[in-house]
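Listed below are the residues making up each chain.
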Amino acid sequence: MPNNSMDAANTATQSVNTNTHTESKTMKQKKRNSQWTWYIFLIPSFLGILLFMVYPIAESLRLSFFKSNGTIETFTGLANFRTVLTSGPFWNSVWNTFYIGIFQIIITIPLGFIFATLINSVSKGKNFFKVLYFLPNVTSIVAAAMIFQFVLHPEMGILNYILGSLGLPTPGWFSDPATSKWGVILLAVWHWIGFVIIICLANLQAISSEMYEAAKIDGASGIQQWLFITIPNMTGTFAFLLITGWIGALQRFNEVYVVGGPNGSPARSIQTMGAFIYERGFTGFEFGIASAATYIMFIIILIFTFINLKVSKMKI
Amino acid sequence: MNSTMSMKKMEKITSIIKFLILLIFGVVLMAPFIWMVSVGFDRTANISMPFPPRLIPEEPSKFNYGIVFENGRLIKSYINSTIVTVSSVILGVSASLLAGYAFSKGKFKGKKILFIVVLCTLMIPMEPRLIPLYTLFNKMNLLNTYYPLVLPSIISGMLIFLCKQFFDQLPDTLREAAQIDGAGEFKIFFRVYLPLAGPIAATMVILAFIWSWNDFMWPLVVLNDLELQTVPLYLASFSLENGSSLGGLTMALATVSILPIIILYLFLQRYIIQSIALSGVKGE
């Protein structure tokens, strides 16, 4: 990403200078300080990583080969994977997850970018709009889902009232399997757009103004500058948003649980992969099947992130 | 002369149009909040939602709020959330400050690989860890306590990453001066660098606070005891029990539940926005 390259370069040269200055003086002292002290600094974090990351991931893999309810375990080989991969509800949950994710992303990133450029170009109220637009993102998605159940209520909701008074169709939203996914998409866009705007704004401000000045001298209009300078300079940002957006979307659980419970009612229309795992694991106590499903989900996330990285040509 | 005048006029007009578009869309984004507050204060909304929807309550009253507070479960969940959030923040921020500092200024074998491990934790979702963590805490007999909610927050790849970035910007000369004075690594960290880490520590506290306060999936799994419910859990159970009836109560409850975060945000918005921006700008 082309961001803050000036800053980074400055600090880099600074540290190079100071390094060469004092390298010889402190060499001996540095060697005297043995390396082990540094590992003490890392102990708390790495104890946590071992116990709460590495162990569960390994244990989850083991469990996926067993039929287990937490107390009684029997080895079943690949049976759990077969069960999950041939399960209609699982593929339905994959479909729901991707459907909601795709529309959330293709609506929010362009819309957020447009609003970010608008905020960036107004002379007054920049900070006010930043604060206002980011507010939904800090509120909990659980509370937001609760509020949206009323905003999108088919009869008493404010959105359908407005749509109705404009003579437009009034969908059933969360009460109708045909439109419930769109209810979740609206909620997701509302909740995520502030984040997209803030990230875009920060990166817009990092584009050097010299480019715009040069373009202005050449007679480029505002829209031309936006198309040929702003957008090409933002590709790294879009890649970042695409990847973080997908990782978040593939893990979606909280809002669909609040709206539709563990089975994603109505008619499993909003059950995501996360909700499927929760349903099998903690309402059915089929730990083996839930673990196999988490591994399949994990692999889907990895493959998808890899594709995203390739498509967006982002370097980590 | 004339053309520059009209150019300036044009610029002014487009700037006003841009401002208006932003204002209208801002109101649209805020509409759910505005409606939430209005319905919460509407006495009649408790029986049936007001229709057509109105902006100003017909019969303004604190009735719904009274019920929400009388019930006691909300206050209990507030206390639970506060205990869990404060402990999680202290644990997560201190561990991340130590690790971030070591990754920035330390020279030791395996630094690169260990840092990659930390970054990898960012990519690992909660779901694959859910069942093993549940059975782990079950075996330790710690389900339905605060421990499973607090202990795992000791790792946060994001906080370690932000912290390392911050210490990278502080000069090494400070270290070298302290080393010449004979200070050990811990003394250097606590006496020299930690006092300078105020801004990043504030950012980390805010981020960790918001994550912990809003956390939902993991508490849902480990807490069955209603006495220990955190705020989001209480909200979700209220919502699932009552569906779309009791509009006024639900909205009053939602209002009270998001209040701490909104207040925190309004006071510290500069730091919050900056830290979010930082996580995206320097995400290389």
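On a predicted model such as this, the values are computed, not experimentally measured, just so you know.

## Remarks on the overall build of chain A
Okay, step 1: If you tally the helices and strands in chain A, you get 14 helices and 2 strands.
Okay, step 2: Counting every position in chain A, which comprises 316 residues, the buried fraction comes to 53%.
Okay, step 3: If you take every contact in chain A between residues at least 6 apart in sequence, the share linking residues at least 24 apart comes to 67%.
Okay, step 4: In the structure as shown, chain A presents an accessible area of about 14400 Å², 67% of it carried by carbon and sulfur atoms.

## Side note on helix α8 (residues 180-204) of chain A
Count 3.6 residues to each turn of an α-helix, and residues three or four apart come out pointing the same way.
Residues and elements named next belong to chain A.
Okay, step 1: Given a rise of 1.5 Å per residue, 25 residues ought to cover 36 Å, and the 35 Å separating the end C-alpha atoms of α8 matches this to within 8%.
Okay, step 2: Taking the largest bend as the criterion, α8 deviates by roughly 35°, centred on W192.
Okay, step 3: In terms of burial, α8 is a largely internal element, 23 of the 25 residues being buried.

## Considering the confidence of the model for chain B
Residue and element names in this part refer to chain B.
Okay, step 1: Averaged over chain B, the pLDDT score is 89; the fraction of residues at 70 or greater is 97%.
Okay, step 2: No element of chain B has a lower mean pLDDT than helix α13 (residues 247-281), which averages 86, and none a higher one than helix α6 (residues 147-150), which averages 96.
Okay, step 3: Across the interfaces of the predicted complex, the ipTM metric reaches 0.90, alongside a pTM of 0.88.

## As for the pattern of salt bridges
Okay, step 1: Going through the model one piece at a time under the given rule, you end up with 9 salt bridges over all chains.
Okay, step 2: When the shortest N-O distance is used, the salt bridge between R280(A) and E286(A) registers 2.7 Å.
Okay, step 3: Residue classification places E286(A) among the partly exposed residues on the basis of a relative accessible area of 27%.
Okay, step 4: Ionic pairing is found between K76(B) and E227(B), a salt bridge with its closest N-O pair at 3.1 Å. Pair noted here: K76(B) is in helix α3 (residues 73-105) and E227(B) is in the loop between α11 (217-222) and α12 (231-242), with a separation of 151 residues, a long-range link.

## Describing a nonpolar patch on the surface
Okay, step 1: Together, W36(A), Y39(A), I40(A), I43(A), L47(A), F186(B) and F190(B) make up a nonpolar patch on the protein surface, roughly 680 Å² of accessible area in all.
Okay, step 2: Residue assignment for the nonpolar patch shows that the elements contributing at least two residues are α2 (36-63) of chain A together with α9 (185-193) of chain B.
Okay, step 3: For the nonpolar patch, the element with the most residues is α2(A), which contributes 5 residues.
Okay, step 4: One can find I43(A) in helix α2.

## Some points on the interface of chain A and chain B
Okay, step 1: Taken together, the contact pairs 97 residues of chain A with 102 residues of chain B.
Okay, step 2: In total, about 9400 Å² of surface goes out of reach between chain A and chain B, with carbon and sulfur atoms giving 79% of it.
Okay, step 3: Connecting chain A to chain B are 0 salt bridges.
Okay, step 4: Linking chain A with chain B are 12 residue pairs in polar contact (both at pLDDT 80 or more).
Okay, step 5: For the side of chain A that touches chain B, the element with the highest residue contribution is α2(A), accounting for 20 residues.
Okay, step 6: Looking at the side of chain A that touches chain B, its residues break down into 61 nonpolar, 31 polar and 5 charged.

What counts and what doesn't
- One numbering rule holds for all chains: residues counted from 1, following each sequence as written.
- Whichever chain is written first is A, and whichever ligand is written first is 1; the rest continue in order.
- Reporting of local features is limited, given that this is a predicted model, to residues whose pLDDT is at least 70; pairs of side-chain atoms are given and counted only at 80 or more, and all residues count toward the totals for whole chains, interfaces and linings.
- The side-chain figures draw on all heavy atoms in the structure; neither hydrogens nor water molecules are used.
- Only runs of H or I of at least four residues qualify as helices and only runs of E of at least two qualify as strands under DSSP, and these elements are numbered from the N terminus.
- When a residue's accessible area, from a 1.4 Å probe over protein chains only, is under 20% of the maximum for its type it is buried; when over 50% it is exposed; and in between it is partly exposed.
- In what follows, a contact means two residues having at least one pair of non-hydrogen atoms within 4.5 Å.
- Where accessible areas are quoted, they stem from the Shrake-Rupley method and a 1.4 Å probe; at the residue level, only the protein chains shown are allowed to cover.
- Multiply 1.5 Å by the residue count of a helix minus one, and that product is the helix's expected span.
- Throughout, bend refers to the angle between the axes fitted to the seven residues that end at a position and the seven residues that start at it.
- For every residue, the predictor reports its confidence as pLDDT, a number between 0 and 100.
- By definition here, a salt bridge exists when the distance from a side-chain nitrogen of Lys or Arg to a carboxyl oxygen of Asp or Glu is within 4 Å.
- Patch membership is restricted to residues that have no salt bridge and whose relative accessible area is over 30%. Joining uses 9 Å for like charges and 5 Å for the nonpolar side chains Val, Leu, Ile, Met, Phe, Trp and Tyr.
- Buried area: the accessible surface (1.4 Å probe) lost by two parts on joining, summed over both.
- As used in this structure description, the phrase polar contact means that two N or O atoms lie within 3.5 Å; if the pair is within protein, one of them must be able to donate a hydrogen and the other to accept it, and residues adjacent in sequence are counted only when both atoms belong to side chains.
- When residue character is reported, Ala, Val, Leu, Ile, Met, Phe, Trp, Tyr, Cys and Pro are called nonpolar, Asp, Glu, Lys and Arg charged, and the others, Gly included, polar.

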